[in-house]
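This is what each chain is made of:
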Amino acid sequence: MKLIIDTDPGIDDAMAIAYAAAAPEIDLIGLTTVFGNTHIHQSSRNARFLLDKLGLEVPVAEGAAFAVGQSSHDPSDHVHGPEGFGDVTEIPEIGANHTLTAAEFLVDMAREHKDELVVCAVGPLTNVAAAMRLDPQFATNIKRLVIMGGAVYCPGNVTQFAEANIYHDAQAADKVFAAPPQTVLVGLDVTLKTLYETADFEALAGRSPNMGGFLRDISRFYLKFYKEVGGLEGCGLHDSTAVIACTHEPMFDMVETGLRVVTEGAEVGATRPDPSRPPVRVCRDVDGAGVVNLFTERVASLP
């Protein structure tokens, strides 16, 4: 599978990128970066650092710094740490970004790999919306769009209504859902059923000292947040679950519905069923233990 991950690394993004690097079904042909967990320059730096650590020569195309119509962004440093990787704050600048913007890169790759390319968006949907504006054929050129975002049938995690990725650019998300590609939504309805606990990280580090050890180290900050805020003994494999959905759809139960996103007011970012819109497949349930085991087995194969 030709895959581009649109990402804002981010602890769970790092886990997802590591999984994609290890998965034999996936040919990771690029990362596009977006604001979200971090500022945009941090997202791109972190993406290049991760690829270097994984030994991958994969382009990184930098995308949106802010939501549509905005000129600033407050990153989620209380969740992911000041540099995006928890207590690990010394992250070197390695290499350089691609000459194309994220939207341009997405459009070009969709043309080059028409009907083959899967885009997995695990941050705000600003870059995807920009690619759809840039090329009206983008939505039909890609094989599928898999989105980590939304809380359709459950409460949100930023507000009681909204999940973080959708909340950070509700307008872009609503534009995407107004005329979506073939789309799978992997939201909080399922990702909080894939908890990865401290013991899982320790076991992973034992089998994969370099990458698994790094993921264990950066996860400590993340696990502390989950414990203090949600009373949970693990963290959701949010972004990794979305990448797994790209290749392992039978692990998920899905329903089809159109979606709209509330773009203003107290419920901004809420992702609501709307039967008047084109249908997307929304994940309602997941084999959580299966996802956790698959993640461990694949990432444990890394050095």
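As a reminder, the structure under discussion sits directly above these lines.
Residues numbered from 1 in each chain as written. Predicted model: local features only at pLDDT ≥ 70, side-chain atom pairs only at ≥ 80, totals over all residues. Heavy atoms only, no water.

Caption draft 1: Spotlight on the overall build of the protein chain. For the protein chain, the count of helices and strands is 13 helices and twelve strands. For the protein chain, whose C-alpha radius of gyration is 17 Å, the value lies close to the compact-globule estimate of 19 Å for 303 residues. With the C-alpha coordinates of the protein chain rotated into their principal frame, the extents come out at 50 × 40 × 40 Å. Here the protein chain holds 303 residues, and 58% of them are scored as buried. Restricting the contact set of the protein chain to residue pairs at least 6 apart, pairs at least 24 apart contribute 80%. When the accessible surface of the protein chain is split by element, carbon and sulfur atoms take 49% of a total near 11700 Å². Here the protein chain carries 22 positive and 41 negative side-chain charges, and the mean point of each set is 3 Å from the other. (Helix = DSSP H or I, 4+ residues; strand = E, 2+ residues; numbered from the N terminus. Rg over C-alpha atoms; globule rule 2.2 N^0.38 Å. Buried < 20%, exposed > 50% of the residue type's maximum accessible area, 1.4 Å probe, protein only. Contact = heavy atoms within 4.5 Å. Areas by Shrake-Rupley, 256 points an atom, 1.4 Å probe, with all protein chains shown as cover. Lys, Arg positive; Asp, Glu negative; His and termini not counted. Charge placed at Lys NZ, Arg CZ, Asp CG, Glu CD.)

Caption draft 2: The arrangement of helix α11 (residues 211-230) in detail. Its 20 residues place the ends of α11 27 Å apart at the C-alpha level, agreeing with the 28 Å of an ideal helix rising 1.5 Å per residue. Where α11 bends most, at S219, the angle is about 40°. For α11, every residue scored as buried is listed here: M211, G212, G213, F214, L215, I218, S219, Y222, L223 and Y226. Just downstream of α11 lies G231, where phi reads positive at about 70°. (Expected span 1.5 Å × (residues − 1). Bend = angle between axes of the 7 residues up to and from the residue.)

Caption draft 3: How the structure looks around the nonpolar core. Among the nonpolar cores identified, the biggest contains 63 residues, and L3, L215 and F295 are the most heavily contacted of them. It is helix α1 (residues 11-22) that contributes the most residues to this core, nine residues altogether. Setting aside chain neighbours within four positions, we find F295 in contact with M15, Y19, Y196, L204, L215, L237, S240 and I244. In terms of nonpolar packing, the next biggest core, distinct from the first, is built from 34 residues, L106, L117, M132 and V152 among them. (Core = buried A, V, L, I, M, F, W, Y, C linked by side-chain atoms within 4.5 Å.)

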